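Topology and contacts: notes
Single-letter residue listing:
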Amino acid sequence: MKSKKKIVIPLVILVILGIAAAIAIPRILEAANKEAPELEAPVNISVDTPGVGEITQQTQLTGTVEPGEIVYTMPKMSGEIIATNFEVGDTVKAGDVLCEISDESIQPQIDQARAGVSLAQTNVDMVNGGSTEQQINQLKASLESAKITMDDAELTLQRTQELFDAGAVSQQNLEQAQKGYDMAKLQYDSAQQAYDLTTGKVVGENLAAAKAQLKQAQTSLAAARQQLEYTKVTAPISGVIEKKNVNVHDMASPQNAVYVISSKDQMVVKFYVSENNMKNMKYGDPLTVEKGGKTYQGSVLEVSTMVDSNTGLFLVKGSIQDAQDLYTGSTVKVTATTQRVENAMVVPLDVVYYQSGKPYVYVMEEGAAKRVFVETGLFDDAQIQITSGLTQDSYLITTWSSQLKDGSKVNLVSEETESTASSTVSGEES
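Residues numbered from 1 in each chain as written. Predicted model: local features only at pLDDT ≥ 70, side-chain atom pairs only at ≥ 80, totals over all residues. Heavy atoms only, no water.

1. Observations concerning the overall build of the protein chain
Scanning the protein chain from N- to C-terminus turns up seven helices and 21 strands. For the protein chain, the residues scored as buried account for 33% of the 430 residues in total. Put simply, 76% of the contacts in the protein chain that link residues at least 6 apart link residues at least 24 apart. Only carbon and sulfur atoms are counted for the fraction: they give 51% of the accessible area of the protein chain, which is about 26100 Å². (Helix = DSSP H or I, 4+ residues; strand = E, 2+ residues; numbered from the N terminus. Buried < 20%, exposed > 50% of the residue type's maximum accessible area, 1.4 Å probe, protein only. Contact = heavy atoms within 4.5 Å. Areas by Shrake-Rupley, 256 points an atom, 1.4 Å probe, with all protein chains shown as cover.)

Encoded structure:
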């Protein structure tokens, strides 16, 4: 019995030691693993240096559409409107007759001017070829007729002046009476000179003088015909009638526009910007105009350097391409370049990260990634300006990796290597 007890005790001790070892060995191994540093694989990366270029920033503004050209059509003479040929909204071509002015006062002037040319031509013919008794009689009759006409015109002028002084007739009536007398006087003088030349009362007159008289008469006729052309008011440009200011029987005046025409060949947009934005805008900058879901392209035509007294801002005008369907006065959304930095240090937008709102990038130094906090400026859809923190020689890490952190070991690979590795992985997965 004693020998059995001696055998059982060692067995119990062995079991206890086995249990203790089972518990202790994993803990020892775990502690050993914690104390041994884990070896991390280097992160494959690509690098690039910061670039230099222009970077711009755009702003959305509200603008107003206007025609590229607006013309206020003025008549060149006064008179009664006897016809209007276009209404607001109509399209006209350059040269179309917009309205007509009465020519009642012009036709007598043309007739008198024609008579003056005829008499002057007779003078030239007589000086060239001598005169006959029949010609003298004809000239005498013309002189007497011209005298009667002049006397009648003078009497009419006197009566019209008296009526004008009394307020019974208009200034236009007085001007017409004066013109009638002047023309009649010119005819009489021409007839007198022709008669004097023929009868020898004028000494030393020659062919050159007769031709000068003819030229003067022809000039008077041309002026009268020009007045007749002025009775038809034509469109100076092609476009759309924006405003009509006269109707039939109204009085036209050279001081008042009868029609307002806008050209649709090129539409412009007007908008206002702050002083800071104005300084960064220039002729030719691209613009985008939006209206009713449709987008139009354009460019800056003019940047004012004078403050608008009503808005306190600076006026900018821009062209709009293919915008014939936009109406004058329409409100549109304008996207314009309002900030610009030239020769800026720029990096891709997606290599800049943020920690508590502070921007930083990773650069490669001595085979490891280094986190560098930077200051940024303008940015667009692709790149961002770096104002401090980097140099042109910095090796900027352009590859993203979830394993990339400050102090990570890195392995520089080319784009070609990355492409090959990516293709290999894809092939293995398939």
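2. Brief notes about the confidence of the model for the protein chain
Here the protein chain averages 82 in pLDDT, while 82% of its residues score no lower than 70. Here helix α7 (residues 415-429) stands out as the element of the protein chain with the lowest mean pLDDT, 44, in contrast to strand β16 (residues 358-365), whose mean of 95 is the highest. Here residues 1-5 scores under 50 on pLDDT; set against residues more than four positions off or in separate chains, the count is zero contacts. Throughout residues 416-430 the model reports pLDDT below 50, and contacts reaching past four residues in sequence, or to other chains, amount to four contacts. (pLDDT = per-residue confidence, 0-100.)

3. Details of the pairing of strand β10 (residues 259-273)
A large share of β10 lies buried, amounting to eleven of its 15 residues. Inspection of the sheet shows strand β3 (residues 51-73) paired to β10 by nine bridges, in the antiparallel sense. Bridge pairing in β10 places Glu69 opposite Ser263. Of the pairings in the sheet, the one linking strand β8 (residues 239-244) to β10 comprises four bridges and is antiparallel in character. Across the sheet, Lys243 pairs through a bridge with Val260, a residue of β10. (Pairing = 2+ DSSP bridges.)

4. What to know about the environment of Thr91
With respect to the element layout, Thr91 can be found in strand β5 (residues 91-92). Linking Thr91 and Glu242, residues 151 residues apart in sequence, is a C-alpha distance of 9.6 Å.

5. A closer look at the environment of Ser170
Among the structural elements, Ser170 can be located in the loop between α3 (133-165) and α4 (171-199). For the pair Ser170 and Thr160, spaced ten residues apart in sequence, the C-alpha to C-alpha distance is 9.4 Å. A polar contact of 2.9 Å, which involves the side chain of Ser170, links it to the side chain of Asn173. (Polar contact = N/O pair within 3.5 Å; in protein donor to acceptor, adjacent residues only side chain to side chain.)

6. Here we look at the pattern of salt bridges
One pass over the structure, following the stated rule, counts eleven salt bridges. The shortest N-O distance in the salt bridge between Lys185 and Asp189 comes to 3.0 Å. Taken together, the residues Lys185 and Asp189, both in helix α4 and four residues apart, mark about one turn of the helix. What makes Asp189 partly exposed here is its relative accessible area of 29%. One salt bridge connects Lys370 with Glu365, and the closest N-O pair in it is separated by 3.7 Å. The exposure class assigned to Glu365 is partly exposed, which follows from its relative accessible area of 41%. Look at the salt bridges and you will find they share partners, linking Glu54, Asp285 and Arg340 into a network. (Salt bridge = Lys/Arg side-chain N within 4 Å of Asp/Glu carboxyl O.)

7. Section: the packing of aromatic side chains
Taken as a whole and assessed by the stated rule, the structure comprises four aromatic pairs. Relative to Tyr362, the ring of Tyr353 has its centre 5.9 Å away and its plane inclined at 55°; by these criteria the two rings are tilted. Neither residue differs from the other here; Tyr353 and Tyr362 are each classed as buried. Following the ring pairs from residue to residue traces out a cluster consisting of Tyr353, Tyr360, Tyr362 and Phe373. The side chain of Arg371 reaches across the aromatic face of Tyr360, ending 4.8 Å from its centre. (Phe/Tyr/Trp six-rings, centres within 6.5 Å; stacked < 30°, edge-to-face > 60°. Lys NZ or Arg CZ within 6 Å of the ring centre and 35° of its normal.)

8. With respect to the pairing of strand β19 (residues 383-388)
For a regular strand, side-chain orientation follows a simple rule: the groups alternate between the two sheet faces. With three bridges joining them, strand β14 (residues 331-348) and β19 adopt antiparallel strand pairing. Within β19, the position partnered with Pro348 by the bridge is Gln383. Note: strand β18 (residues 375-379) against β19, three bridges, orientation antiparallel. The residue bridging Phe379 from the neighbouring strand is Ile384, located in β19. Between β18 and β19, which follow one another and run antiparallel, lie three residues.

9. Examining the sheet that holds strand β6 (residues 97-101)
With respect to topology, four strands assemble into an open sheet ordered β7-β6-β4-β9, the strand pairing being antiparallel. Pairing within the sheet leaves two strands with one partner each, and these edge strands are β7 (232-234) and β9 (251-252). Bridge count between strand β4 (residues 79-84) and β9: two bridges; the pairing is antiparallel. Looking across to β9, one finds that Glu80 is bridged to Met251.

10. Some remarks on the nonpolar core
The biggest cluster of nonpolar side chains holds 27 residues, and the ones touching the most others in it are Val92, Leu98, Ile241, Tyr259 and Ile261. When contributions to this core are tallied by element, the ones reaching two or more residues are β6, α2 (107-129), α5 (207-230) and β10. With five residues, α2 is the largest single contributor of residues to this core. Leave out the neighbours within four places in its chain, and Ile261 touches Glu69, Ile70, Val71, Thr73, Val92, Leu98, Ala235, Pro236, Ile237, Gly239, Val240 and Ile241. (Core = buried A, V, L, I, M, F, W, Y, C linked by side-chain atoms within 4.5 Å.)

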